[in-house]
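# Chains, contacts and geometry: an overview
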Amino acid sequence: MKKSWKLVSMLCILTLLVAGLAACSGSNSPNATNKPSTATDAPKSTDAPKDSEEPSKEVPTLVWWLIGGQVPNNFSKAIDAMNEYTAEKIGVKIDIKVASWGEWDTKINTIVNTGEPFDIMFTNSGKYSKQVAMGAFADITDLVQAEAPELYKLIPEKVWDGTKIGGKYYSVPTYKDSSLTQYWVYDDKYVQKYNIDINNIKTLQDLDQPLRSIKAGEGKSFYPLPMTQGEGLNGFFNNYDDLTLGFSPIGVRTDDAARTVVSVLEQPDIMADLKLLHAWYQDGIINPDAPTKTENDKGRPFFAAQAFPGAEISWQINDAIEKYDMVQHFGPIYTTSTIQGSLNAISANSKYKKEALKYLELVNTDPKLRNMLAFGELGVDFNNVDGEKVIERISDTWPLAAYSQGTFFNLAVTKGAPVDQWDQVKKLNDAATSSTVLGFALDIGNLQTEVANVQAVWDKYKYELITGASDPEKMIPKITAELKSAGMDTIMKTAQEQINSYFK
């Protein structure tokens, strides 16, 4: 057997020397490269069988679920470029799965409930505590400090603390506009046409006359305030801290020094605003298909958004709008939920927990990778204008939401935005007030049945309510009664007890 092996090896070496071809192991090997072999690549000992040679170390590919839009034709090519870079940097590749805006809730719930394999998942305060209670995510409290020290050092302690459940970290927070600042966003074309004084519009009531002016001028089939079922009017419940439950009907008013848990839908300010939404819906200011519509159309005349200075530049590109006017009307404010507004958690069942943390560390500390994730394929979706500090968008098809991936503070500024954009975001964080229950996260470990039941009730009615389609004076009593039967009072009582104990 050894003589036969020696003969084969000698023939291989002879073939190499004469023809300069690939090594006799063959280029079809999964670990083969395109580098021509040389005599020095031959086995040093022809006595050792080929099967005993150590194979090249496998580069793990992590599955990362993110939220975004429709995947473009060049998506795979862009991911390949990222993988080539990260495989060399840290020996890890990524397989990004995109749940669309409309399907994200359902898709992520299905993945967690069925145990579908993944390594990293974008989540937020509406789902995070429930997913942790289900055992979906790994405890990374010690691991992140040991395996990703630069990542741990980058994110302020207050932001890390906002992710804690039961005193432990189960996710990596996205360090960005981690305090909440709310804006009205107007297509400037209508601002100029209808002479709207945008700087003096602070409340929903202030919006009534401008929206009616646009509606009267643009006609029956034009909707000045287009909505989708998943969002309604963004930020509608901002005055109430949802205690990270992700369930709007229960909360504490953010400025309530007594920290009293209330039934939010029954509060006078919420009722007044819901009545106004209903009037707008009836009068054709809101689109009639809002309760069932899942995706926004491009080019909205007006919308509300949690944002930061310069965010309108990307919206203008994505929506093909010449100019959006963006006016701050609420915040900045820190709540535990605002910190938990963008998180990336590692599966409790992942084989690659350390690698996943290393990848998230690179996302948060490496500008080149950060820009590729946020903007797409270099030369197709964006070009560098000033190294990796300023980029120019050249397509509007890249689907991934930049806020869901990693910090803003190593991300390029888009050409046209303020050059000090991220410094301004840091200033907003520094200037933010705090909810009176900041730091508190409701422990739902013993409330999972009640939480599931009340959520099922809310899901039946919320789309029509938050888009203005249903009459709140008729529906709120009905919804509240069903919520109470489903266990809302038990949740509120437990929440109040936990708050009292946390802040004693």
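To be clear, the structure that these remarks concern was listed above.
One structure accompanies this document, and this report is about it. Quantities reported herein were computed from a predicted structural model and do not represent experimental measurements.

### Considerations on the overall build of the protein
When you go through the protein residue by residue, the secondary structure sums to 18 helices and 15 strands. Out of the 504 residues belonging to the protein, those deemed buried represent 50%. Within the protein, contacts between residues at least 6 apart in sequence are counted, and of these 74% link residues at least 24 apart. Accessible surface computed for the protein: about 24,000 Å², of which carbon and sulfur atoms make up 50%.

### A closer look at the sheet that holds strand β8 (residues 262-263)
Across the sheet, three strands lie side by side as β6-β7-β8; this open sheet has antiparallel pairing. Strand pairing shows two members of the sheet lacking a second neighbour, β6 (240-241) and β8, which therefore form its edges. The sheet contacts of helix α18 (residues 488-502) involve β7 (250-253) and β8, and relative to β7 the element is tilted by about 40 degrees.

### A closer look at helix α13 (residues 353-365)
For α13, with 13 residues, the first-to-last C-alpha span of 18 Å sits near the 18 Å given by 1.5 Å per residue. Within α13, burial applies to Ala356, Leu357, Tyr359, Leu360, Glu361, Leu362, Val363 and Asn364.

### Brief notes about the packing of helix α9 (residues 204-218) against helix α10 (residues 268-282)
Where α9 meets α10, the closest approach of the two axes is 10 Å, and the angle between their N-to-C directions is 10 degrees. Comparing their axes, α10 and α9 come out roughly parallel. Residues Leu204, Gln205, Leu207, Asp208, Leu211 and Arg212 of α9 pack against Ala272, Asp273, Leu276, Ala279 and Trp280 of α10. Residue composition of the contact of α9 with α10, grouped by class: seven nonpolar, one polar and three charged.

### Concerning the packing of aromatic side chains
Counting across every chain of the model gives 21 aromatic pairs. Geometrically, the ring pair formed by Phe308 and Trp422 is tilted, given 5.5 Å between the ring centres and 55 degrees between the ring planes. In this pair, Phe308 sits in the loop between β9 (302-306) and α11 (311-319) while Trp422 sits in helix α15 (residues 421-431), placing the two residues 114 residues apart along the sequence. A residue is classified by how much of its surface remains accessible, and Phe308, at 12% relative accessible area, is buried. Overall, the relative accessible area of 12% leaves Trp422 in the buried class.

### Regarding empty space enclosed by the protein
Counting across every chain of the model gives one cavity of 30 Å³ or more. Estimated volume of the largest cavity: approximately 80 Å³. If you go around the largest cavity, the residues you meet are Leu225, Pro226, Met227, Thr228, Glu231, Gly232, Leu233, Asn234, Asn296, Arg300, Phe303 and Ala304. Looking at side-chain class alone, the lining of the largest cavity contains six nonpolar, four polar and two charged residues.

### A few points about the nonpolar core
Within the largest apolar cluster, 62 residues are counted, with the highest numbers of intra-cluster contacts made by Tyr186, Leu207, Leu225 and Trp280. Among the elements that line this core, the one with the most residues is helix α16 (residues 448-466), at seven residues. Non-local contacts of Trp280, meaning those with residues more than four positions away in its chain, are made with Leu204, Leu207, Asp208, Leu211, Arg212, Leu225, Ile285 and Ile286.

### Thoughts on the pairing of strand β3 (residues 120-123)
The alternating pattern of β3 places Ile120 and Phe122 and Met121 and Thr123 on opposite faces, both of which are buried. With two bridges joining them, strand β1 (residues 61-68) and β3 adopt parallel strand pairing. Among the inter-strand pairings, Trp64 is bridged to a residue of β3, identified as Ile120. Relative to strand β11 (residues 343-346), β3 runs antiparallel, the two being bridged by four bridges. Each bridged residue has a counterpart across the sheet, and for Phe122 the counterpart in β11 is Asn344.

### Focus: unusual backbone geometry
Each neighbour pair has its own omega, and for Gly331 with Pro332 the value is 5 degrees, a cis peptide bond. The residue Pro332 is located in strand β10 (residues 324-334) in this model. Even without glycine at this site, Leu243 takes up a positive phi of about 60 degrees. Within the element layout of this structure, Leu243 appears in the loop between β6 and β7. Exposure remark for Leu243: the relative accessible area of 1% places this residue in the buried category. In this structure, Arg259 takes a positive phi of about 55 degrees despite not being glycine. Secondary-structure assignment places Arg259 in the loop between β7 and β8.

### Here's the deal with the pattern of salt bridges
Tallied over the entire structure, the rule returns 23 salt bridges. Among the ionic pairs, Glu377 bridges to Lys77, the shortest N-O distance being 3.5 Å. Here Glu377 is found in the loop between α14 (367-375) and β12 (382-386), whereas its partner Lys77 is found in helix α2 (residues 75-90), with 300 residues between them in sequence. Among the salt bridges present, the one from Lys460 reaches Glu482, with a minimum N-O distance of 3.0 Å.

### Here we look at the sheet that holds strand β15 (residues 433-434)
Judged by pairing direction, the sheet is mixed, and its four strands sit side by side in the order β9-β5-β10-β15 without closing on themselves. Looking at strand neighbours, the two that pair on one side only are β9 and β15, the edges of this open sheet.

### Considerations on the side chain of Thr436
Mapped onto the fold, Thr436 is located in the loop between β15 and α16. The contacts of Thr436, once residues within four sequence positions are left out, are Val252, Arg253, Thr254, Asp255, Asp256, Ala257, Arg259 and Phe503.

### Some details on α9
Note: α-helices contain 3.6 residues per turn, so residues at a spacing of three or four share the same orientation. Relative to the 21 Å expected for 15 residues at 1.5 Å per residue, α9 spans 21 Å between its end C-alpha atoms, a close match to the ideal helical length. For α9, every residue scored as buried is listed here: Leu204, Leu207, Asp208, Pro210, Leu211, Ile214 and Lys215.

Definitions and limits used
Residues numbered from 1 in each chain as written. Predicted model: local features only at pLDDT ≥ 70, side-chain atom pairs only at ≥ 80, totals over all residues. Heavy atoms only, no water. Helix = DSSP H or I, 4+ residues; strand = E, 2+ residues; numbered from the N terminus. Buried < 20%, exposed > 50% of the residue type's maximum accessible area, 1.4 Å probe, protein only. Contact = heavy atoms within 4.5 Å. Areas by Shrake-Rupley, 256 points an atom, 1.4 Å probe, with all protein chains shown as cover. Pairing = 2+ DSSP bridges. Axes fitted to C-alpha atoms, helices over the stretch in contact; angles between N-to-C directions. Expected span 1.5 Å × (residues − 1). Parallel < 35°, antiparallel > 145°, perpendicular 65-115°, else oblique. Nonpolar A, V, L, I, M, F, W, Y, C, P; charged D, E, K, R; others polar. Phe/Tyr/Trp six-rings, centres within 6.5 Å; stacked < 30°, edge-to-face > 60°. 1 Å grid on protein atoms, 1.4 Å probe; cavity = no way out; pocket = protein on both sides within 12 Å on 5 of 7 lines; lining within 4 Å. Points joined across faces, edges and corners; volume = space filled by probe spheres on them. Core = buried A, V, L, I, M, F, W, Y, C linked by side-chain atoms within 4.5 Å. Salt bridge = Lys/Arg side-chain N within 4 Å of Asp/Glu carboxyl O.

The quantities given are spatial measurements derived from coordinates; they are silent on function.
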